[in-house]
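Understanding the architecture of this molecule
Chain by chain, the residues run as shown.
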Amino acid sequence: MEETLYKSSETYRDYTGSKMGMWLFLFTEMLLFGGLFLLYAVYRFKHPVEFHAAAKGLDTTIGAVNTLILLTSSLTMALSISALQKGNKRLSLVLQFLTILLGAAFLGNKYMEWGAKIHHGVYPGSEHLLIKGKGEILFYGLYFVMTGIHGLHVLIGIGVLLFMLIFTIRGTIDFENFVKLENSGLYWHFVDIVWVFLFPLFYLIT
Amino acid sequence: MQGNNEPKSFYESGGPHKGILSWIFTTDHKRIGLLYLASLFIFFIVGAAFGLLMRLELIAPGKTIVTASTYNSFFTLHGVIMIFLFIIPGIPVSLGNFFLPLQIGARDVAFPRINLLSWWLYMTGGILALMSLFTGDGPPDTGWTFYAPYSIRTGTNVSLAVFAAFILGFSSILTGLNFVTTVHRLRAPGMSWFRMPLFVWSLYATAWVQVLATPILGITLLLIIIERFFGVGFFDPSKGGDPLLYQHLFWIYSHPAVYIMIVPAMGVVTEIIPVFARRTIFGYKAIAFSSIGIAAVGFFVWGHHMFTSGISDTSKAIFSLLTFLVAIPSGIKVFNWVASLYKGSIKVDTPLLFVISFVFLFCIGGLTGLINGTLATNIHIHGTHFIVAHFHYVMFGGTAFAFFAGLHYWFPKIFGRMYSEARAKFAWFFLFIGFNILYFPMFILGWQGMPRRYYDYLPMFHELNLISTIGSWILAAGLILMFINLVRSIKKGERAESNPWKGTTLEWTVPSPPPVENFEEIPVVTQGPYKYE
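Now for a look at the structure at hand.

Criteria and cut-off values
- Residues numbered from 1 in each chain as written.
- Chains lettered and ligands numbered in written order.
- Predicted model: local features only at pLDDT ≥ 70, side-chain atom pairs only at ≥ 80, totals over all residues.
- Heavy atoms only, no water.
- Helix = DSSP H or I, 4+ residues; strand = E, 2+ residues; numbered from the N terminus.
- Buried < 20%, exposed > 50% of the residue type's maximum accessible area, 1.4 Å probe, protein only.
- Contact = heavy atoms within 4.5 Å.
- Areas by Shrake-Rupley, 256 points an atom, 1.4 Å probe, with all protein chains shown as cover.
- Buried area = accessible area lost by both parts, 1.4 Å probe.
- Salt bridge = Lys/Arg side-chain N within 4 Å of Asp/Glu carboxyl O.
- Nonpolar A, V, L, I, M, F, W, Y, C, P; charged D, E, K, R; others polar.
- Core = buried A, V, L, I, M, F, W, Y, C linked by side-chain atoms within 4.5 Å.
- Phe/Tyr/Trp six-rings, centres within 6.5 Å; stacked < 30°, edge-to-face > 60°.
- Lys NZ or Arg CZ within 6 Å of the ring centre and 35° of its normal.
- Axes fitted to C-alpha atoms, helices over the stretch in contact; angles between N-to-C directions.
- Parallel < 35°, antiparallel > 145°, perpendicular 65-115°, else oblique.
- Left-handed = near helix turned anticlockwise from the far one by under 90°.

1. Comments concerning the overall build of chain A
Looking only at helices and strands, chain A features 7 helices and 0 strands. Shown N-terminal to C-terminal, the secondary structure of chain A runs as helices and strands in the order α-α-α-α-α-α-α. With respect to the three principal axes, the spread of C-alpha positions in chain A is 65 × 35 × 25 Å. Burial status across chain A gives 50% buried among its 206 residues. Taking the intrachain contacts of chain A between residues at least 6 apart in sequence as the baseline, contacts between residues at least 24 apart amount to 82%. Carbon and sulfur atoms make up 71% of the accessible area of chain A, which totals about 10000 Å².

Structure (structure tokens):
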């Protein structure tokens, strides 16, 4: 309790408390995705052969490129925090901006990939998909839902980082008070880690 | 409301805003607690109205006031409103919000603005849920469980209701993480874990369940919406999906949610008993750990909702065993409460009356829970009125009675006024009698085989249904009397001193109503919470 200040609720600031709240939130996010991974586990257990066959329809190269993009964005994210902590506001801004760009590149790539699939008639409930085996229907169902919800998280992450960019420019967050940026970083890394699991489960199981 | 030298109460200084804005944009945990309290009881009245209408339909066999499909909407909305809008947020967001910081000696919760956000989300969810009544193609008719595949196929307004529940879940998560962080970070100097009041322990255990279980509901509800719009097929057998998986996912949340409802109620009971028995609580640590125990074991019993759904015999046996295990920490609490009363100088005021009714009704609800949890008897009573009676004894007779107990107990602290004791006892009498006349016949009806969720029944069930419906009117009268007494006392009650019950926890050391910053100086705690001579 030593470092907590009890002046009034306006000036009160608790670094450890903020981090704790963020970690708890990430737990809830983990459990949210956990429900989806549970579905994946059950259905893959039921249809192992069809899952392997269906995974051949996904382009490993695009998946690998996206993995690379997201991992790099986690690096720039981490560096932007270090830069801010060391008082280098300009560098931190550049790195935050780069992170946003990489996130956008990931989404662009994903858009192309989804677009191609939908163009070929592979999307939930499509006639083309429904004539295939049940394992394949479920595989693509999971693919669209899980990468979709993940993509939504990337989008939210970009939104959060845009706010951080503004806060940094305004000086609301600086080298003394950077917990907001750090928490945004935690969120960004979390979204990244989810992709690290999605990539092998959908692209590499052929 | 105080003398000149005392700080202003939180009613008098509302921050930068004026009037209504000083309430709906407040970050003061006390004002947010009251916002929740008011909203909760508005929704409670709506839910209760649906309940009364259902009972009215069942007063006689055949169609009485509504058609079968309207009745389906009635029980769905009664369930959704009572569960997601009243009893799950219930005690933590109202009494918890108000008294958690006060009881641990803090000025506010850890994240005051997130606290406000969670109320806004709660209201959004609540309004969307009510909107699902009047928009789209008719109110949802799936029951509050939204079981697939029917929830995916029905043409009624399920998507909006499900989305409302999703938002409410988000609100619940935010409250949970706020409370966990508050308990970890904001305890006053000297307030060690085992000096915390047991209400705080129960809120802490509940907050963890909220944080860990609610996301599963979130994703499950999201999947229903996705299924309805895109037909992915996760729960549709014709596309390879499995409806049973939906039930698993749903109950992985919704069974722990039962403990979100009951554990804070147990905390309120534990808080009231020592004050009115003038004795230290018996078995402090046992009660604290049993809260955690119930919360922990509660995560692994969801399968007992699915005994007749076609899960394997092995998993049924395991779920049944685990269900029985929950009875142990629950029993520990009941025995400790009774032991705390033993040889106490008991003062039978309204809060204690509600608390003792809680123990009585909770025992009936809890023990019939064991009948449900036994595999053989479960087959006989599954989907009957026995289940309805069981969970109303636990949820209404348990949680709601404890909520009412807490409301009376903390009323002088919250409003700085006393309620009328005689009127409160009168209302309690109607509530207790009405409750038992309403719900006890349902045990018998269910045992005789009357299924739940039908607007009609065989003539042989008429007599008990009639009694039950009459009970619902007595209960309603009790509720009206109680609310009138409380609302009237907010303005007209006698002024309350800072510690009318001679309680020993920290909230009684500050003026009634408390000042904005709660404590002029953060107290230093040197002893446990329940020290009586």
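2. Details of the interface of chain A and chain B
Many descriptions give the size of an interface as the accessible area lost when the pieces come together. Taken together, the contact pairs 37 residues of chain A with 39 residues of chain B. Between chain A and chain B the total buried area reaches about 3200 Å² when both faces are included, carbon and sulfur atoms providing 75% of it. On inspection of chain A and its partner chain B, the count reaches 2 salt bridges. Among the salt bridges present, the one from D242 of chain B reaches K46 of chain A, with a minimum N-O distance of 3.3 Å. Of all the secondary structure elements, the ones that give two or more residues to the side of chain A that touches chain B are helix 1 (15-46) and helix 6 (134-170) of chain A. With 17 residues, the top contributor of residues to the side of chain A that touches chain B is helix 1 of chain A. Classifying every residue of the side of chain A that touches chain B gives 20 nonpolar, 12 polar and 5 charged.

3. Some details on unusual backbone geometry
Residues and elements named next belong to chain B. Look at the link from A148 to P149: it is a cis peptide, with omega at 0°. Within the fold, P149 resides in the loop between helix 5 (112-134) and helix 6 (150-153). Here the amide bond leading from S512 into P513 is cis, since omega sits at -15°, within 30 degrees of zero. Turning to its location among the elements, P513 is positioned in the segment after helix 16 (462-492). The backbone of K502 shows a phi angle near 60°, a positive value even though the residue is not glycine. Structurally, K502 is set in the segment after helix 16. Look at N518: it is not a glycine, yet its phi comes out positive at around 65°. Here N518 is to be found in the segment after helix 16. Looking at N518, the relative accessible area reads 1%, which means it is buried.

4. Here we look at the nonpolar core
Within the largest apolar cluster, 246 residues are counted, with the highest numbers of intra-cluster contacts made by F202 of chain A together with F84, F146, F234, F358 and F404 of chain B. Ranked by residues supplied to this core, first place goes to helix 9 (residues 243-277) of chain B with 24 residues. Setting aside its immediate chain neighbours within four residues, F202 of chain A contacts Y40, A55, L58, F139, L142, Y143 and M146 of chain A.

5. Here we look at the pattern of salt bridges
Summed over the entire model, instances satisfying the criterion amount to 12 salt bridges over all chains. Ionic pairing is found between K110 of chain A and E113 of chain A, a salt bridge with its closest N-O pair at 3.0 Å. Residue K110 of chain A and its partner E113 of chain A are both found in helix 4 (residues 89-119); the two are separated by 3 residues, about one turn of the helix. Of the two residues, K110 of chain A and E113 of chain A, neither departs from the other in class, the shared state being buried. The residue D236 of chain B makes a salt bridge to R153 of chain B at a minimum N-O spacing of 4.0 Å. Of this pair, D236 of chain B sits in the loop between helix 8 (198-230) and helix 9 while R153 of chain B is found in helix 6, placing the two residues 83 residues apart along the sequence. The exposure class assigned to R153 of chain B is exposed, which follows from its relative accessible area of 59%.

6. Section: the packing of aromatic side chains
Inspection of every chain in the model, using the stated rule, returns 80 aromatic pairs over all chains. A centroid spacing of 5.1 Å and a plane angle of 45° characterise the contact between F199 of chain B and W410 of chain B, whose relative ring orientation is tilted. Of this pair, F199 of chain B sits in helix 8 while W410 of chain B sits in helix 14 (residues 385-415); the two residues are 211 residues apart in sequence, bridging distant segments of the chain. Overall, W410 of chain B belongs to the buried group, its relative accessible area being 0%. Measuring from centroid to centroid gives 6.1 Å for F396 of chain B and F401 of chain B, while their planes differ by 55°, and the two rings are tilted. By relative accessible area, F401 of chain B is classed as buried at 0%. One residue, K180 of chain A, lies across the ring of F167 of chain A, its end atom 5.5 Å from the ring centre.

7. A short note on the packing of helix 9 of chain B against helix 14 of chain B
Residues and elements named next belong to chain B. At a minimum axis separation of 9 Å, helix 9 and helix 14 run at an interaxial angle of 45°. Relative to helix 14, helix 9 is oriented oblique. When you trace helix 9 past helix 14, the crossing you get is left-handed. Only V394, M395, G398, T399, A402, A405, G406, Y409 and W410 of helix 14 make contact with helix 9, whose side of the interface consists of V258, M261, I262, A265, V268, V269, E271, I272, V275 and F276. Taken together, the residues that form the contact of helix 9 with helix 14 break down as 15 nonpolar, 3 polar and 1 charged.

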